[in-house]
Amino acid sequence: VQLQASGGGLVQAGASLRLSCAASGGTFSRYVMGWFRQAPGKEREFVAGISQSGGSTLYKDSVKGRFTISRDNAKNTVYLQMNSLKPEDTAIYYCAADRTFGVIRTTTRGYDYWGQGTLVTVSS
């Protein structure tokens with residue numbers, strides 16, 4: 001499956017952005033989807049994940065209450081709505097797909113396919 005992330009940009013602290021990740025070449029509804037991010041000089045980290053049906057979600061503690069992951073299986077797209085952005089949210093954001101059913105993994109090793117990343121820069 002191919003993943004194409006978009007929606008990043010430069011915003012001020014407190015602003016909102018919505019990232020999108022469009023999938024093609026596979027059966028999107030079979031995949032757990034995750035969003036990860038990587039800041040300069042840091043390892044890639046889990047941000048949010050969503051089950052195949054969308055009924056279960058999981059978030060990194062520091063984004064709970066500010067970020068919302070959702071998916072539209074009819075459009076083969078997963079979203080990350082980011083509100084109240086902070087400078088520490090600055091990173092390249094990646095979407096990823098995992099074929100394992102029923103588990104939202106929080107490590108990069110658990111995901112089979114990756115998008116190219118979209119840059120989010122939050123100024124103070």
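Just above, that's the structure.
Within any chain, residue numbers begin from 1 and follow the written order of that chain's sequence. In keeping with the model being predicted, local features are shown solely for residues with a pLDDT of at least 70 and side-chain atom pairs are shown and tallied solely at 80 or more, while totals for entire chains, interfaces and linings include all residues. Excluding hydrogens and water, the side-chain values take into account all heavy atoms of the structure.

A.B. asks: Even after reading the chapter, I still don't get the overall build of the protein, so can you show me in this structure?
C.D. replies: Check the secondary structure of the protein and you find zero helices and 11 strands. Strands here mean DSSP runs of E at least two residues long; helices mean DSSP runs of H or I at least four residues long; both are numbered from the N terminus. Along the chain direction, N to C, the helices and strands of the protein fall in the order β-β-β-β-β-β-β-β-β-β-β. In terms of overall size, the protein behaves like a compact globule, its C-alpha atoms giving a radius of gyration of 13 Å where 124 residues would be expected to give roughly 14 Å. Each of the three principal axes of the protein carries a C-alpha extent, and together these read 40 × 25 × 25 Å. Note that the radius of gyration is over C-alpha atoms, with the globule rule given as 2.2 Å times the number of residues to the power 0.38.

A.B. asks: Help me understand the pairing of strand S1 (residues 2-6) in this model?
C.D. replies: In regular strands, side chains alternate between the two faces of the sheet. Any residue under 20% of the maximum accessible area for its type is buried, any over 50% is exposed, and the rest in between are partly exposed; the area is computed with a 1.4 Å probe on protein chains only. On S1, burial follows the alternation: Leu3 and Ala5 on one face are buried, whereas Gln2, Gln4 and Ser6 on the facing-out side are not. As paired elements, S1 and strand S3 (residues 17-24) share five bridges and run antiparallel to each other. Bridging from a neighbouring strand, Leu3 pairs with Ala23 of S3. In this description, strands pair whenever DSSP reports at least two bridges between them.

A.B. asks: Before we go on, may I ask you to explain the environment of Ala23 in this structure?
C.D. replies: Summarising the element assignment, Ala23 is placed in strand S3. Expressed as a C-alpha distance, the spacing of Ala23 and Gly115, which sit 92 residues apart in the sequence, is 8.9 Å. Ala23 has contacts with Val1, Gln2, Leu3, Phe28 and Asn76, leaving out every residue within four places of it along the chain. Here, two residues are considered to be in contact whenever any of their heavy atoms come within 4.5 Å of each other.

A.B. asks: What's the story with the pairing of strand S9 (residues 91-98) in this structure? I'm lost.
C.D. replies: With seven of eight residues buried, S9 lies mostly within the body of the structure. Relative to S9, strand S4 (residues 32-38) is paired through seven bridges, and the arrangement is antiparallel. From the neighbouring strand, Gly34 faces S9, where its bridge partner is Ala96. Pairing between S9 and strand S11 (residues 118-123): three bridges, direction antiparallel. Residue Ala91 lies in a different strand from S11, and its bridge partner there is Val120. In this sheet, strand S10 (residues 113-114) lies alongside S9 in antiparallel orientation, the contact comprising two bridges. Counted as the bridge partner of Ala96 is Trp114 from S10.

A.B. asks: Which parts of the structure should I look at to understand the state of the cysteines?
C.D. replies: By definition, a disulfide is the covalent link that joins the sulfur atoms of two cysteine residues. The rule for a disulfide is simple: a pair of cysteine sulfur atoms within 2.5 Å. Here the structure, examined in full by the defined rule, presents one disulfide. Across a sulfur-sulfur distance of 2.1 Å, Cys21 and Cys95 are joined as a disulfide pair. With the S-S dihedral at roughly 65 degrees, the linkage between Cys21 and Cys95 falls on the right-handed side. Highlighted residues: Cys21 in strand S3 and Cys95 in strand S9, separated in sequence by 74 residues. With respect to class, Cys21 is no different from Cys95; both count as buried.

A.B. asks: Would you mind going over the packing of aromatic side chains with me for this structure?
C.D. replies: One pair of aromatic rings is described through two measures. These are the centre distance and the angle between the planes. Under the pairing criterion, centres of Phe, Tyr and Trp rings, with the six-membered ring standing for Trp, must be within 6.5 Å; the plane angle then separates stacked pairs below 30 degrees from edge-to-face pairs above 60, leaving the rest tilted. Summed over all chains, the structure comprises five aromatic pairs. With a centroid separation of 5.9 Å and 85 degrees between ring planes, the pair formed by Tyr31 and Tyr113 is classed as edge-to-face. On the criterion of sequence distance, the pair formed by Tyr31 in the loop between S3 and S4 and Tyr113 in strand S10 is long-range, its members being 82 residues apart. Taking the relative accessible area as the measure of exposure, Tyr31 reaches 11% and is therefore buried. Following the ring pairs from residue to residue traces out a cluster consisting of Phe36, Phe46, Tyr111 and Trp114. Cation placement over rings: the criterion is NZ of Lys or CZ of Arg within 6 Å of the ring centroid and within 35° of the ring normal. Its end group placed over the ring of Tyr94, Arg44 keeps NZ or CZ at 3.6 Å from the ring centre.

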